[in-house]
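Given next are the chains, with one letter for each unit.
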Amino acid sequence: MARQRARWLACDHSHVLFTLPHDLNALWLATVPMMTTLLFQAGRDTLGSVLADPKYLGAQPGIMAALHTWSQTLLLPPHLPCLVTGGGLTPAGQWVAVTRGFLLPGRVVMAVWSGKMLERHPPGL
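Treat the numbers as computed from the prediction; the structure is a model and nothing was measured.

Chemist: What am I meant to see in the overall build of the protein here?
Modeler: A tally of helices and strands in the protein yields 4 helices and 4 strands. Reading the protein from its N end, one meets helices and strands in the order α-β-α-α-β-β-β-α. Overall, the C-alpha framework of the protein stretches about 45 × 40 × 20 Å when taken along its three principal axes. The buried share of the protein, taken over its 125 residues, is 35%. Residue pairs at least 24 apart in sequence account for 66% of intrachain contacts in the protein once pairs closer than 6 positions are excluded. For the protein, the accessible area works out to roughly 7,900 Å², and carbon and sulfur atoms hold 61% of it. Taken together, the 9 basic and 5 acidic charged side chains of the protein have centroids lying 10 Å from each other.

Set out below in structure tokens:
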């Protein structure tokens, strides 16, 4: 256990999950590389922009994300689980910790993520 504990993050953290809506499954299957890039970019941009807002944190968090499709055959629905630090660095390099007891309001994250997905979605697909 000591070896495993040595690998833990030295700060609080939260899990955030972005799941592609079922309505986009056909698009996913037709354009896996493009949609994979889109998922990662929209997840990163959502967490980064919302947490950079002083209303929520005012800092850039650490983020680890991995595509999860339930198998190597890319079964549906694809989703992006993210491990996000419970704080981040301000532009001045200061660490700011989350103080409200939760990382982000879910409704805010959902709205911003949907917007980022639509904003980056190539026309005609």
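Chemist: Would you take a moment to explain the packing of aromatic side chains for this structure?
Modeler: Here a ring pair, both rings aromatic, is described through the centre-centre distance and the interplanar angle of the planes. Inspection of every chain in the model, using the stated rule, returns 1 aromatic pair. A centroid spacing of 5.4 Å and a plane angle of 25 degrees characterise the contact between F18 and W113, whose relative ring orientation is stacked. Within this pair, whereas F18 is found in strand 1 (residues 13–19), its partner W113 is found in helix 4 (residues 106–120), the two being separated by 95 residues in sequence. The exposure class assigned to W113 is buried, which follows from its relative accessible area of 8%.

Chemist: Would you mind going over the environment of V96 with me for this structure?
Modeler: You can see V96 is positioned in strand 4 (residues 95–97). For the pair V96 and L57, spaced 39 residues apart in sequence, the C-alpha separation works out to 7.3 Å. Once residues within four sequence positions are removed from consideration, V96 is found in contact with L57, A59, G86, G87, G88 and T90.

Chemist: Where do I start with the nonpolar core in this structure?
Modeler: Soluble, globular proteins show a tendency: their nonpolar side chains are buried together. Of all hydrophobic cores here, the largest spans 24 residues; its most connected members are F18, L104 and M117. Elements with a minimum of two residues in this core: strand 1, helix 2 (25–30), helix 3 (32–52), strand 3 (79–89) and helix 4. In this structure F18 touches G43, T46, L47, H79, L80, C82, V109 and W113, once residues within four positions along its chain are discounted.

Chemist: Sorry, what's going on with the side chain of T90 here?
Modeler: Relative to the elements of secondary structure, T90 occurs in the loop between strand 3 and strand 4. Ignoring any residue separated from it by four or fewer positions in sequence, one finds T90 in contact with G58, A59 and V96.

Criteria and thresholds
- For every chain, the first residue of the written sequence is number 1, and numbering continues from 1 along that sequence.
- With pLDDT at 70 or above as the cut-off, local features in this predicted model cover only qualifying residues; side-chain atom pairs require 80 or more to be listed or tallied, and sums for whole chains, interfaces and linings still use all residues.
- To get the side-chain values, take all heavy atoms of the structure and skip hydrogens and water.
- We count a stretch as a helix when DSSP gives it H or I for four or more residues in a row; a strand needs E for two or more, and each element gets its number in order from the N terminus.
- Type-normalised accessible area, obtained with a 1.4 Å probe on protein chains alone, sets the label of each residue: buried when under 20%, exposed when over 50%, and partly exposed for intermediate values.
- Whether two residues touch is decided by their heavy atoms; if any such pair falls within 4.5 Å, the residues are in contact.
- Only the protein chains shown count as cover for residues, and the accessible areas themselves come from Shrake-Rupley with a 1.4 Å probe.
- Charge convention: Lys and Arg are scored as positive, Asp and Glu as negative, and His as well as the terminal groups of each chain are ignored.
- A charge is said to be at NZ when it belongs to Lys, at CZ for Arg, at CG for Asp and at CD for Glu.
- Under the pairing criterion, centres of Phe, Tyr and Trp rings, with the six-membered ring standing for Trp, must be within 6.5 Å; the plane angle then separates stacked pairs below 30 degrees from edge-to-face pairs above 60, leaving the rest tilted.
- Residues belong to one nonpolar core when they are buried, are Ala, Val, Leu, Ile, Met, Phe, Trp, Tyr or Cys, and are joined through side-chain atoms within 4.5 Å.

Taken by themselves, the reported measurements are silent on function.
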